[in-house]
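Each chain is listed here by its residues.
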Amino acid sequence: MSKLESLNLKKKISNKKSIIGIIGLGYVGLPLAIRFSEVGYKVIGFDIDNKKLKYLNSGKSFISHINDKKIKFLKRKRFLATKDYSKISEVDIIVVCVPTPIKNNKKPDLKFIYSSLRETKQYLRSGQLLVLESTTYPGTTEEIIVPFVKSLNFQIGKNFFVSYSPEREDPGNTKFKTKNTPKVIAGYTQNCTTMSKILYDKIVDKTVIVSSPKVAEFTKLMENIHRAVNIGIVNEMKIVAKKMNININEVINAASTKPFGFTPYQPGPGVGGHCIPVDPYYLSWKAKKEGVSTKLLDTANKLNGKMPYYTYKETIKLLNKEKKNYSDMSVLIVGMAYKKNINDTRESPGLEILSLLLKKKIRVNYSDPYIPKISLNVGKKKFTFKSLDLSATNLKKHDLTLIITAHDIFNYKKIIDNSKLLVDTRFVLKKYNNRIISI
């Protein structure tokens, strides 16, 4: 029976008759649902966020770089967004795309993975493939997913299949999307790997097989740690260059002319999103459990984590030259999303900088067409802000304009012409004069 179930699932995947269940309909799960639908699979999406479910089932998108047409396409393909986990019994493939944040002590927080397993437990059946795509520490699949599946008396690789395939979603990237981004795959058994390869070969141009889920999990962390460490280096070089009165942007541009041995990274006010500020801690935590120190990684984490405070301190130095009380000063933050052209504020350095300025009793506003409203707590007080139009009048009302996120939609000439004092943390302004300061 086990061999027959395996053959049946392979046939259903190959013929696109298998039903795909995606748990977590965020920045990873939703593009995946769209891609599976595009090639002809029926998809059921699961999420606990009622607001997301309402949007999707009414044909609307809640993610700025995914337009409503994509969601309407999903609905035409009989897509359903639900929190009814009993429908797990109807699907053949279960792809887990839930968040994996860190706790306040910088340890991994796998509560969403555990809750997904609990919700699906009574509805799992023979002949299903479960793939974890969430970023996590090496060993998660073998230490958490596999024991869970075995506890339900399934035979992994025979009548139930388990794999890990790390997400490589880059929100807002118009060049690389799900289809043309290679997919790393590793099954718990060879049969699990084969099953997963058949599946992902249907939706991506290239699949990359590695020897074990641990290798695949480490690969994902390696990709993001590579970025985190290099961003940390260039941020430190920015601070050194500023002390030496050297334009770091000019240095990076010059170094980039070398055709080998150098990859340009851009400094900024801090790192944000669900990857760079979070993922390195998954490896450093696991490494410590193995008795290994990660000094370079830890240093990069600290450097990147301090950049919002550095940006704040440099801004305060500039404001102090005005010789005014802080309560009489005003700052307009331009861009609040963690990266350009998206509506995601997770771990955004702008939020921390805003909070620090408020603690100084400085009057602060922000402008970001992708983020219409934000709320944050500063001490015991809750502040709510609405995005201001980036008009000449609003720019002129503030003592200092602070560019945190360089959306393409912004009119930078208007910003330059109407700001009393202009600070650019993204080196997006090409014209430099005595009114534009890059930090």
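Rules used throughout
- Residues numbered from 1 in each chain as written.
- Predicted model: local features only at pLDDT ≥ 70, side-chain atom pairs only at ≥ 80, totals over all residues.
- Heavy atoms only, no water.
- Core = buried A, V, L, I, M, F, W, Y, C linked by side-chain atoms within 4.5 Å.
- Buried < 20%, exposed > 50% of the residue type's maximum accessible area, 1.4 Å probe, protein only.
- Contact = heavy atoms within 4.5 Å.
- Axes fitted to C-alpha atoms, helices over the stretch in contact; angles between N-to-C directions.
- Helix = DSSP H or I, 4+ residues; strand = E, 2+ residues; numbered from the N terminus.
- Parallel < 35°, antiparallel > 145°, perpendicular 65-115°, else oblique.
- Pairing = 2+ DSSP bridges.

A.B. asks: An account of the nonpolar core is requested, with residue identities and associated values reported.
C.D. replies: Membership of the largest hydrophobic core comes to 78 residues, with the highest contact counts inside it found for Ile20, Ile22, Leu30, Phe36 and Ile145. Those residues in contact with Ile20, other than ones at most four positions away along the chain, are Phe36, Tyr41, Lys42, Val43, Ile44, Val91, Ile93, Val95 and Leu199. Counting 30 residues, the second largest nonpolar core, distinct from the first, contains Leu356, Tyr366, Ile371 and Ile374.

A.B. asks: Please give an account of the packing of helix α6 (residues 140-151) against helix α8 (residues 213-243) that cites residues and values.
C.D. replies: The geometry of a pair of packed helices is captured by two quantities: the angle between their axes and the separation between those axes. It is the contact of α6 with α8, at a shortest axis distance of 8 Å, that shows an interaxial angle of 125°. Put simply, α6 runs oblique to α8. Across the interface between the two elements, Thr140, Thr141 and Glu142 of α6 pack against Pro213, Lys214 and Glu217 of α8.

A.B. asks: So what's going on with the pairing of strand β11 (residues 373-378)? Residues and values would help.
C.D. replies: Only one face of β11 is covered, namely the face carrying Ile374, Leu376 and Val378; the face carrying Lys373, Ser375 and Asn377 is uncovered. Where β11 and strand β12 (residues 381-386) come together, 6 bridges link them in antiparallel fashion. Note that in β12 the partner of Ser375 across the bridge is Thr384. Taking the residues that link successive antiparallel strands as the turn, the β11-β12 hairpin has 2 residues, and the phi of Gly379 there is positive, at about 65°.

A.B. asks: Can you tell me about the sheet that holds strand β14 (residues 422-424), naming the residues and giving the values?
C.D. replies: By definition, the strands of a sheet pair up through backbone hydrogen bonds, in either a parallel or an antiparallel sense. Strand order across the open sheet formed by 5 strands is β10-β9-β13-β14-β15, with parallel pairing between neighbours. The strands lining the two open edges of the sheet, one partner per strand, are β10 (363-367) and β15 (436-438). Within the sheet, the average angular offset between the axes of one strand and its neighbour, ignoring direction, is 20°. Sheet topology note: the strand β13 (residues 400-403)/β14 ladder contains 3 bridges and is parallel. By the bridge assignment for β14, Thr401 is matched with Leu422. Taken strand by strand, helix α11 (residues 295-320) contacts β9 (330-334), β13, β14 and β15, and its axis lies near 160° from that of β13.

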